[in-house]
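# Commentary on secondary and tertiary structure
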4 protein chains.
Amino acid sequence: MKKLKLALLGMGRMGKTHYRNIQQSSAGASIVVVADPLYQPAAGEFGPEVSFVRDPEEAIAHPDVDAVIVATPTDTHAGMVEKAIAHGKPVFCEKPLDLSLRKTAAIEALARSRGVKLMLGFNRRFDPDFIQARRAVQEGRIGKVHIVKITNRDPDLPPIPFLKTSGGLFMDFSIHDFDMARYITGRNVIEVFARGAALIDPAVATGANDIDTALITLTLDDGSWALIDNSRKAVFGYDQRLEIFGEAGMIQVDNNTYHRNVRADAAGIHHALPLHAFPERYARSYVNEIEAFVQTILRGEEPPATAADSLQATLAAVAANRSMQENRPVKLSEIGLD
Amino acid sequence: MKKLKLALLGMGRMGKTHYRNIQQSSAGASIVVVADPLYQPAAGEFGPEVSFVRDPEEAIAHPDVDAVIVATPTDTHAGMVEKAIAHGKPVFCEKPLDLSLRKTAAIEALARSRGVKLMLGFNRRFDPDFIQARRAVQEGRIGKVHIVKITNRDPDLPPIPFLKTSGGLFMDFSIHDFDMARYITGRNVIEVFARGAALIDPAVATGANDIDTALITLTLDDGSWALIDNSRKAVFGYDQRLEIFGEAGMIQVDNNTYHRNVRADAAGIHHALPLHAFPERYARSYVNEIEAFVQTILRGEEPPATAADSLQATLAAVAANRSMQENRPVKLSEIGLD
Amino acid sequence: MKKLKLALLGMGRMGKTHYRNIQQSSAGASIVVVADPLYQPAAGEFGPEVSFVRDPEEAIAHPDVDAVIVATPTDTHAGMVEKAIAHGKPVFCEKPLDLSLRKTAAIEALARSRGVKLMLGFNRRFDPDFIQARRAVQEGRIGKVHIVKITNRDPDLPPIPFLKTSGGLFMDFSIHDFDMARYITGRNVIEVFARGAALIDPAVATGANDIDTALITLTLDDGSWALIDNSRKAVFGYDQRLEIFGEAGMIQVDNNTYHRNVRADAAGIHHALPLHAFPERYARSYVNEIEAFVQTILRGEEPPATAADSLQATLAAVAANRSMQENRPVKLSEIGLD
Amino acid sequence: MKKLKLALLGMGRMGKTHYRNIQQSSAGASIVVVADPLYQPAAGEFGPEVSFVRDPEEAIAHPDVDAVIVATPTDTHAGMVEKAIAHGKPVFCEKPLDLSLRKTAAIEALARSRGVKLMLGFNRRFDPDFIQARRAVQEGRIGKVHIVKITNRDPDLPPIPFLKTSGGLFMDFSIHDFDMARYITGRNVIEVFARGAALIDPAVATGANDIDTALITLTLDDGSWALIDNSRKAVFGYDQRLEIFGEAGMIQVDNNTYHRNVRADAAGIHHALPLHAFPERYARSYVNEIEAFVQTILRGEEPPATAADSLQATLAAVAANRSMQENRPVKLSEIGLD
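Per chain, residue numbering runs from 1 following the sequence as it is written. Chain A is the first chain written and ligand 1 is the first ligand written, with later ones labelled in order. Local features in a predicted model are, by the rule used here, given only for residues with pLDDT of at least 70; side-chain atom pairs are given and counted only at 80 or more, and totals for whole chains, interfaces and linings are based on all residues. Note that the side-chain values use all heavy atoms of the structure and ignore hydrogens as well as water.

Now for the overall build of chain A. A tally of helices and strands in chain A yields eleven helices and 15 strands. Projected onto the principal axes, the alpha-carbon positions of chain A cover approximately 55 × 55 × 45 Å. The buried label applies to any residue whose accessible area, calculated with a 1.4 Å probe on protein chains only, is under 20% of its type's maximum; exposed applies above 50%, and partly exposed to all values in between. The buried share of chain A, taken over its 338 residues, is 60%. Considering only contacts within chain A whose residues lie at least 6 apart along the sequence, 69% involve residues at least 24 apart. The accessible surface values rely on the Shrake-Rupley method and a 1.4 Å probe; as for residues, cover is taken only from the protein chains in view. For chain A, the accessible area works out to roughly 12300 Å², and carbon and sulfur atoms hold 51% of it. What counts as a helix is a DSSP run of H or I of at least four residues, what counts as a strand is a run of E of at least two, and both are numbered from the N terminus. In this description, contact between two residues means that some pair of their heavy atoms is separated by no more than 4.5 Å.

Put simply, the two copies of the chain differ by a rotation about an axis and a shift along that axis. Here the copies are matched by least squares. The fit uses the C-alpha atoms of residues with pLDDT of at least 70 in both. With an axial shift of 0.0 Å and an RMSD of 0.0 Å, the rotation relating chain D to chain C amounts to 180°. Such values leave the two copies arranged in the relation of a two-fold axis. Measuring from the rotation axis to each C-alpha of chain D, the shortest distance belongs to R328 of chain D, at 2.7 Å. The overlap is high: 100% of the interface residues of chain D also sit at the interface in chain C, so the same surface is used on both sides.

The next thing to look at is the environment of L215 of chain B. Examined against the element boundaries, L215 of chain B turns out to sit in strand β9 (residues 213-220). Other than its neighbours up to four places away in sequence, L215 of chain B contacts I147, T217, W225, A226 and L227 of chain A together with F193, A194, R195, L227, I228 and D229 of chain B.

Least-squares fitting of chain B to chain C yields an RMSD of 0.0 Å, with the superposition described by an axial translation of 0.1 Å and a rotation of 180°. When the interface residues of chain B are mapped onto chain C, 100% of them are again interface residues, pointing to one common binding face.

Working definition: a ring pair exists when centres of Phe, Tyr or Trp rings (six-membered ring for Trp) sit within 6.5 Å. Plane angles under 30 degrees give stacked, over 60 give edge-to-face, the rest tilted. Scanning the entire structure with this criterion turns up 28 aromatic pairs over all chains. On the basis of an interplanar angle of 70° and a centroid distance of 5.1 Å, the ring pair of Y19 of chain A and F46 of chain A is categorised as edge-to-face. Separated by 27 residues along the polypeptide, Y19 of chain A in helix α1 (residues 13-25) and F46 of chain A in the loop between β2 (29-35) and β3 (51-53) bring together distant segments of the chain. Both residues of the pair, Y19 of chain A and F46 of chain A, belong to the buried class. With a centroid separation of 6.2 Å and an interplanar angle of 80°, the aromatic rings of F236 of chain A and F245 of chain B are classed as edge-to-face. A residue pair is termed interchain when its members come from two chains, as with F236 of chain A in the loop between β10 (225-231) and β11 (239-246) and F245 of chain B in strand β11 (residues 239-246).

This paragraph deals with the interface of chain B and chain C. Contacts between chain B and chain C engage 23 residues on the former and 23 residues on the latter. The quantity reported as buried area is the accessible area (1.4 Å probe) lost by two parts once they are put together, taken as the sum for both. Taking both sides of the interface into account, the surface hidden between chain B and chain C amounts to around 2100 Å²; carbon and sulfur atoms contribute 40%. The three residues of chain B that bury the most area against chain C are R260, N261 and R263 of chain B, which together make up 33% of that side's buried surface. We define a salt bridge as a contact between a side-chain nitrogen of Lys or Arg and a carboxyl oxygen of Asp or Glu at a distance within 4 Å. Where chain B meets chain C, there are zero salt bridges. Under this definition, polar contacts are N or O atom pairs within 3.5 Å; protein pairs additionally need one hydrogen-donor-capable and one acceptor-capable atom, and for neighbouring residues in sequence, both atoms have to be side-chain atoms. Scanning the region where chain B abuts chain C turns up 16 residue pairs in polar contact (both at pLDDT 80 or more). Contributing elements (two or more residues each) for the side of chain B that touches chain C: α5 (128-138), β12 (249-253) and β13 (261-265) of chain B. Residue composition of the side of chain B that touches chain C, by class: eight nonpolar, nine polar and six charged. The criterion for strand pairing is that DSSP finds at least two bridges linking the strands in question. Of the pairings in the sheet, the one linking β13 of chain B to strand β12 (residues 249-253) of chain C comprises four bridges and is antiparallel in character. Of the residues in β12 of chain C, the one forming a bridge with V262 of chain B is Q252 of chain C. When residue character is reported, Ala, Val, Leu, Ile, Met, Phe, Trp, Tyr, Cys and Pro are called nonpolar, Asp, Glu, Lys and Arg charged, and the others, Gly included, polar.

Here we come to the environment of A214 of chain A. Residues and elements named next belong to chain A. Structurally, the position occupied by A214 is in strand β9 (residues 213-220). Its relative accessible area of 0% is what places A214 among the buried residues. Sequence separation between A214 and M324 is 110 residues; the distance between their C-alpha atoms is 9.4 Å.

Moving on, we come to the interface of chain D and chain C. In this assembly, 41 residues from chain D lie in contact with 41 residues from chain C. For the pair chain D and chain C, the summed buried area comes to about 3200 Å², and 64% of that belongs to carbon and sulfur atoms. For the interface between chain D and chain C, the tally reads eight salt bridges. Between E243 of chain D and R153 of chain C there is a salt bridge, with the nearest N and O atoms lying 3.1 Å from each other. Where chain D touches chain C, the interface holds 16 residue pairs in polar contact (both at pLDDT 80 or more). Counting only elements with at least two residues in the side of chain D that touches chain C, the list comes to β7 (145-153), β8 (189-197), β9 (213-220), β10 (225-231), β11 (239-246) and β12 (249-253) of chain D. It is β8 of chain D that contributes the most residues to the side of chain D that touches chain C, six residues altogether. Grouping the constituent residues of the side of chain D that touches chain C by class yields 18 nonpolar, eleven polar and twelve charged.

On to the packing of helix α5 (residues 128-138) of chain A against helix α7 (residues 169-185) of chain A, then. Residue and element names in this part refer to chain A. Angles here are taken between N-to-C directions and fall from 0 to 180 degrees, while the axes themselves are lines fitted to C-alpha atoms, restricted in helices to the stretch in contact. In contact at an axis separation of 8 Å, α5 and α7 are set at 40° when each is read in the N-to-C sense. With respect to each other, α5 and α7 are oriented oblique. Here F130, I131, A133, R134 and V137 of α5 lie close against α7, whose contacting residues are M180, Y183 and I184. Here the contact of α5 with α7 is built from residues that sort into seven nonpolar, no polar and one charged. For classification, angles of less than 35 degrees are called roughly parallel, those exceeding 145 degrees roughly antiparallel, those between 65 and 115 degrees roughly perpendicular, and all remaining angles oblique.

A word on the sheet that holds strand β1 (residues 4-9) of chain D. Residues and elements named next belong to chain D. Reading across the sheet, the six strands line up as β3-β2-β1-β4-β5-β6 and stay open at both edges, with parallel pairing between neighbours. The two strands at the open ends of the sheet, each matched to only one other strand, are β3 (51-53) and β6 (118-120). Geometrically, the sheet is characterised by an average inter-axis angle of 25° between neighbouring strands, direction not taken into account. For β1 and strand β4 (residues 67-70), the ladder comprises four bridges, and the chain directions are parallel. Counterpart to L8 in the pairing with β4 is I69.

Here we come to the side chain of T257 of chain C. Inspection of the secondary structure assignment puts T257 of chain C in the loop between β12 and β13 (261-265). Only 2.9 Å separates the side chain of T257 of chain C from the side chain of R260 of chain B, close enough to count as a polar contact. Among the polar contacts listed, one links the side chain of T257 of chain C to the backbone oxygen of H259 of chain C, at a separation of 3.1 Å. With residues up to four places along the chain from it excluded, the contact list for T257 of chain C reads R260 of chain B together with A272, L273, P274 and L275 of chain C.

This paragraph deals with the domain arrangement of chain A. All names here are of chain A. Each domain's limits were defined by an automated method or a database of domain assignments. Domains assigned within chain A are domain 1 (4-116) and domain 2 (125-284 + 313-334). Summing both sides of the interface, domain 1 and domain 2 together bury roughly 720 Å²; the carbon and sulfur share of this comes to 70%. On the domain 1 side of the contact with domain 2, K95, L99 and L101 bury the most area, a combined 65% of that side's loss. Applying the counting rule to domain 1 against domain 2 returns zero salt bridges. Where the side of domain 1 that touches domain 2 is concerned, the elements lending two or more residues are α1 and α4 (101-114). Classifying every residue of the side of domain 1 that touches domain 2 by side-chain character gives three nonpolar, one polar and two charged.

All names here are of chain C. All of the buried residues in helix α3 (residues 77-86) are H77, A78, M80, V81, A84 and I85. Summarising the axial view, the buried residues of α3 lie within an arc of 165°, below the 170-degree limit, and thus occupy one face. Looking one or two places after α3, you find G88, whose phi comes out positive at around 70°. The reported arc concerns the directions from the helix axis to the C-beta atoms and nothing else.

Have a look at this one:
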C-alpha cells in the first residue's frame, strides 16, 4: 500500500504530538520533512528518513511531500495553508484557521475553488466516546434530537498573557463546542444567545478583556437547541461531558477518569478524578484525527472536518461575541464578513 | 406538646396525599375538619375525630381549627387563602397561589400586612437530595456558585385539555425550577432569556397554544447564572436533576431510581429507570413539607416557602413568556403588575 | 374487608417497629392487644382500641386476637410460639426461633402437625431490591445460576456482652445470608465450608468466644455455589450487597445510600455513604414483611418465610460452626439434632 | 542512555504484542533478533536493524543480545529459559514457567544460583488500576486488609482441545488470581480450599477432564483471606474485578468498559460492556510489563515478578487441584515437588 509522505510544520506541543502519533501509529503515512524555524532537535530525534529544515515553504514544496500538517502558531496558519494550496497539496491545519472571519472565509473559498483538500483540527470529532454518541444519534436510538447540552470546562485558568492573544473565550475555547453541536446533530446553527463574565478572576476582564465563564444557547436549523456551558477552571479536572436528549431517549457522555477504582471509607465513597487536561483526555482523538486525514486523502475523499466546518464554528463565535455585547440573540445570517 | 389542629380543603390527589401524610406521620398536627363540596368519603375513611363538611369556609371558620391546608383546584386557591387570612389563620396553599401575577402580589401583600403566615407548596425544597445539595452550597463546599443547571422533564405529555388551563409551561411546570434556582443559590433572578417550542407534539401549540420543550437561562443578582431545560416527555421517566458548579467544585443531584440493581447481559449493563412520576419521586418531600409548615407555625416562625417566593417565581414565569414571545432577554424589573 | 386482629408481644426495638408499621401502614390488620411485662407506655401511646397487658399469654389467649406477633427477647421466642400454636393462632416470630437446632426442629414439627401457620422474620426477603433480584432470576434473565455472592457487613462491632449471648456470628448474623442464598436460588444448602476469625478485635475471641469476620462457601443442591463474606465492622456503613452470576448474565444489588448527590472537588468525586444500619436500610422490608404475614393469613396461604426455612438456615449455621472448628467442609446431612 | 538489546523468541500472539510494544513504546530497549522456527514474516515487517532467525538458541547466543524475551509455546518455556540462564542473559518469560511444579522450582533455583534475573509475565501486576489499588493498600488507606475478593471471568469458553493441554483451570487461569492475591496484600498463601465444576458445558469435564467454574478461598500468612471466583464464560465480557476490604475501608476495581456513554430509553439506563478480552483489557499492562523488565535490568534491580512468584502461584494451583479432588482445605506446606 502506498504511504502518504507528509511535511510537518511546527514542533511545538501539537507538532510533537502529531510527529509521535504519525511515526508510531499511522498505518498510511510517514513524515519525510519537519520544518520549524526555531526548534532545536535532539541528536537522533528524527529518524534517518526524516529531513529537518528551517523554512516551512521549503518543506511544503519538497518534491517527496504529498501532504502538509500545519502545527505552527495560530497567526501563521492562514499563510501556511495558502502556500500548501498553492502547491496543490492536501493540508491538515490545527484550529483555528484564522481569528478573522474574513480570512477564514477566504481560505475556505480558495481551497474549494482549487479543489485542494483542507482538514481542520477539530479533534473532538475523533474521540471514541463522542463518535459512539453521534453514531447512536444517527442510528435513531433516541429519535429526533431536542436538546444537546455540552459542558466544556478547563481545569486551570490560562495565563493572562495567553488570553490576551487567544481571540477570546468564544473563539479559542467554545469553538470546539460550536463544532460539537453541529457534529452531533448534523444541523447548522442559526442563532446564538450568549452570556459571559469573568467569574473566576476579575483580571481576565481587566487584564485580557476576556471572560472566563459562559452560558450559550444555540438554535439549530431544525428548531432544536444546544446549550453550552464553559468555565476556564474546574478544580476537579477537565470537564468534558455531553447530554443529548431526544424524543425516544437520552445519551450521556461522561468524563474519562484516571482509573476505575472506588474507595470507601468513613468519609464517603470516592471515585477517580477526570483526566486533568486535553493531552491525556484527547490522546486517542489526536491519533484518530491524523489517521482520518491520511485515509481520506489516500482515498480521495472529503476530510471529516473541513474549512467549511471551521467557518460555521467561527461564525457562531462571532455571533456569540456580538450577542454577549448587545445582550440579545444574534442570527448567524446577521454576521457579515467585515 | 400542643398539636396543631388543621382544616384540609380539597380531597383531590394532593388533598389525599396531605391527609395521609398528616394523619400518619405528622408529629405536631392532626386534621380536625375536611371540606370538599363534591367528595364522597368511604365509610370510616375519616376517623371519628375528623369532621367532614361541604363548605370550605365552614371548615376555615371552625373554632377548633388553628390552621388551614388549601388543596382545592388552582382557580380557587386565592379565594381560600383570602378567607383564611381574614380569619387570621395560618395557611398552607398548593402552588400556584394564582395564575395572575397581580392577584399573587395582592395576596402576598395582604398576608404580610395582616401578619398571617402563608406557606406555598414548593415541595421540592423539602426533598432530601435537594436539601443536601443546598446545605453543601451553604457550607461552602463548592465555593461561590457560578452556574446552576436544572433539568426538569416530565415522563408523559399531559392531555391537551389540561394544558389549555394550566397557565402554560413556564407558569405550570418551570415555576418549580425558577424557585429551585433561588432556593439553591439564595439569590434572586433579575433577567430571563427563554426559548420554547412544541417539539414533542405540534398539537401542544395548535391545540393549547402552549409549548412542550424549553431552554431558559436566568441571570441572578450576584452575576451568576442558572440554566433550566424542560421537556414534557422523557421516555425514560421523570428526569429531575441538578448540577451546581462553583469555584471550588461541583454538586450533582442524580435521579432517584426504582432500585439499585444492575443487570449485565450480552447486550449491555442495565440500570433501573428513574421513578416515573412526581407522587413517587417526591413522596418524602410532601411529608417533610407539611411537617415544616406545622413546625414553623407551632414555633411562630416564618414558613420556609412563602408567598414572596411564589411571587418571585411567578415574575420569572411572566418574564420567560415575554422573553420567548419577543425573543430577547427580559428583566424582572420590566414586569409590571398588569 | 375483614381486618386481622393482632396481639403484639414485646415492645422492644422490633416490637415498636412492628407496632408503628401495622398501625400506620397495614391494609389488612390492626393491633388489639400489646403485651410486655416491663414496658412503660407513655400516656396515649396506644389508641383507645388497643389493650395493654403485662402477661403475653393473656394476650395470646384474648378472644379478639386472630394472630400473634412475637417480638420478645430471643430466649423466649420458642415458648411464645408454642403457646400461640396451642391456641391454634397463626404466629409471626422474629428470627431465630431458637438458638437450639433441636428446639427449632421441634417447633417446626409442632406447627406443621397442628396445621398452624408460623412465619419467621427473615425481613430481607421483603426488601424491594432483593425481591427484584430474585424475580429477575426466576424470570430467567440470567439463565441458570452458577454463583451467588452475598456481602453482609455491619457498620460497628456490637458490645462484647451482646456477642456473648448472641449465639455466635453464624447463628446471629450469617443466618440472614444462609436464608438469602436459598431465597435467591430456590435451592437448598447441602454443604458448608467456613472460615472465621476475630480480625477486628481480639476481644471478640477472648471475651466472647466468637468471631467477627467470616468467609463461607455453600454448595447448593443443584451443584451451584454461594459465597458469603461477613464482617462486624465496615467503617463506611452497613454493607449489604448481592451478586448473582449465571450462564446468561449477572445481577448485582448495590447498597442503598443516604442520597443521590455527587460532589466533585480537587480531591476526588464523592458519593454518599450506604445507609448506616438495619433500621434505615430495611425500613421498607419490615413494612412489607408484616403485611405479607397479614395477607397470607387472611388468604389462608402458607407464609413466605416459614419455620422450615428457619430450620434450614439454622442447620447451615450449625454446619458452619462445625466446619470452622474442624477446618473441613461439612454436609448438612451430617448434622443431627443433638 | 544505553538501550537494552533484546532477542524475542516466538512470534505468536504474545510475541507480536511484545514486538509492537517494544519497538513503538519502549524507552530503554529495542529488539535486535527475532527467532521463530515457523513464522513467515511479511516483507519489511521487521526493520533493517532486526535480524530474523529460525533457531531460538542462535538468537539467545547472538553477541549483540543483552536479554531475552520468551514468548514461545508453553511447553518450550523451560528449555528457553534454561538456555538464557546458561548464557547468563536476563530473561523475561511468559507465564507459566512450566506446568510441572518440580520443573518450575528447579528453574527458579537455577536462576537464583546463577544470579540471572528471571521475570515472569504476570501482566496484571502492571495494569494501572491494580497498581493504583495496591498503592492505596500500601499507603494504608484501608488499614489492615481482611478480605480480598478477586473476580476473574473469561468471556468465552475456550475450545476443548485447548483446555486439554492447558494444565487445567487452576494452573492456566486462576494462577493469575493466586498471584494477584499475593501482589495486592504482600502476603503468602498458606492454605487453599477450592471447589470446581463444569457448570457451563459438561464437555469440559467429559472432553478435557477440566472444570469451567471455580470458587476458591485462600488463607494468607497473616490470617487474612482471599476469595477467587472464576468462570470461563461471562456473556457480558471479560469480568476483571477486585474488592479489598480492610479495617478502615474498601477499595474496588471495576471493569474497564468500551466507552463512558450512558443511554436512557424506555427500557432502562444502559451502560457499556466491559472490554471483551485480554488483549484489549490488558493492552496497557503489556506495555508497562516489558518496560518494567527493561528498566529493572538496566538498573540491575530484581524484576517485579519473579520465578519465586511463579513458584508460589504454581504451588497454590497444585494445592487447589488437590483440595478440589479431596474436598478439604490443603496447606501449601503439604505440597511436595513430585
